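Here's the letter readout for the chains.
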Amino acid sequence: QVLSDVFNAPVFTIDTANSACLGSAYRAIHGLVAERNVSLADAVKLAPEPRLAVTPTPGAEELYCPLLKRYAELEQKVIYNSASSC
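Scoring rules and cut-offs
Residues numbered from 1 in each chain as written. Predicted model: local features only at pLDDT ≥ 70, side-chain atom pairs only at ≥ 80, totals over all residues. Heavy atoms only, no water. Helix = DSSP H or I, 4+ residues; strand = E, 2+ residues; numbered from the N terminus. Rg over C-alpha atoms; globule rule 2.2 N^0.38 Å. Contact = heavy atoms within 4.5 Å. Areas by Shrake-Rupley, 256 points an atom, 1.4 Å probe, with all protein chains shown as cover. Lys, Arg positive; Asp, Glu negative; His and termini not counted. Charge placed at Lys NZ, Arg CZ, Asp CG, Glu CD. Polar contact = N/O pair within 3.5 Å; in protein donor to acceptor, adjacent residues only side chain to side chain. Patch = residues over 30% accessible without salt bridge, like charges linked within 9 Å, V, L, I, M, F, W, Y side chains within 5 Å. Salt bridge = Lys/Arg side-chain N within 4 Å of Asp/Glu carboxyl O. Buried < 20%, exposed > 50% of the residue type's maximum accessible area, 1.4 Å probe, protein only. Expected span 1.5 Å × (residues − 1). Arc of directions from axis to C-beta.

Per an unreviewed UniProt entry, the protein chain carries the name XYLB kinase and comes from Regulus satrapa.

Structural data, given as structure tokens:
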């Protein structure tokens, strides 16, 4: 629910162990066949069907949108300061 609220997006799951690893594997397959103009959708067409797990809580974006903006600003400061100190 937290991911859905923070990013104001529905969250889908699939019934498989290590789904994050599975996603990485599909991206790798897509990379291997990209020179043949195969879309990511075609590369994953045999993937298990996703299931809607949660949707954003109404009003959550009012809380998280300013926080995400602030986080992005802080992240840029860290990246800039790290790059300038090298």
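Enquirer: So what exactly am I meant to see when it comes to the overall build of the protein chain here?
Expert: In terms of helices and strands, the protein chain carries 4 helices and 2 strands. Element order for the protein chain, N to C, with α for helix and β for strand: α-β-α-α-β-α. A compact globule built from 86 residues should have a C-alpha radius of gyration of about 12 Å, whereas the protein chain, at 18 Å, is more than 25% larger. Within the protein chain, residue pairs in contact and separated by at least 24 positions form 70% of the contacts whose partners lie at least 6 positions apart. Total accessible area on the protein chain is roughly 6,900 Å²; 61% of this is exposed by carbon and sulfur atoms. In the protein chain, 7 side chains carry a positive charge and 9 a negative one; their mean positions are 6 Å apart.

Enquirer: Looking at this model, I keep getting lost on the side chain of serine 4. Mind explaining?
Expert: Note that serine 4 resides in helix H1 (residues 2-7). At a separation of 2.7 Å, a polar atom in the side chain of serine 4 contacts the main-chain carbonyl oxygen of alanine 9. Ignoring any residue separated from it by four or fewer positions in sequence, one finds serine 4 in contact with Ala9, Pro10, Val11, Val54, Thr55 and Pro56.

Enquirer: Looking at this structure, how should I read a nonpolar patch on the surface?
Expert: A surface patch of nonpolar side chains, amounting to about 310 Å² of accessible area, comprises Leu3, Phe7 and Leu68. If you trace the backbone, leucine 3 turns up in helix H1.

Enquirer: Looking at this model, I keep getting lost on the pattern of salt bridges. Mind explaining?
Expert: Opposite charge on two side chains makes pairing possible when the charged atoms of those side chains draw close. Inspection of every chain in the model, using the stated rule, returns 1 salt bridge. With a shortest N-O distance of 3.7 Å, arginine 70 and glutamate 73 are connected by a salt bridge. Of the two residues, arginine 70 and glutamate 73 are both situated in helix H4 (residues 60-84); the distance of 3 residues between them amounts to about one turn of the helix. Assessed through its relative accessible area of 37%, glutamate 73 is described here as partly exposed.

Enquirer: Hey, could you run me through helix H2 (residues 19-33) in this one?
Expert: At 3.6 residues per turn, the α-helix brings residues three or four places apart onto the same side. For H2, which comprises 15 residues, the first-to-last C-alpha distance of 21 Å matches the rise-based estimate of 21 Å (1.5 Å per residue) to within 8%. Buried residues of H2: Tyr26, His30 and Val33, and no others. Along the axis of H2, the buried positions cluster into a sector of 75 degrees, meaning they face one direction only. Structural note: H2 exposes Ala20, Cys21, Arg27, Gly31 and Leu32 on the side pointing more than 90 degrees away from its buried face. For H2, the elements touching its buried residues are helix H3 (40-43).

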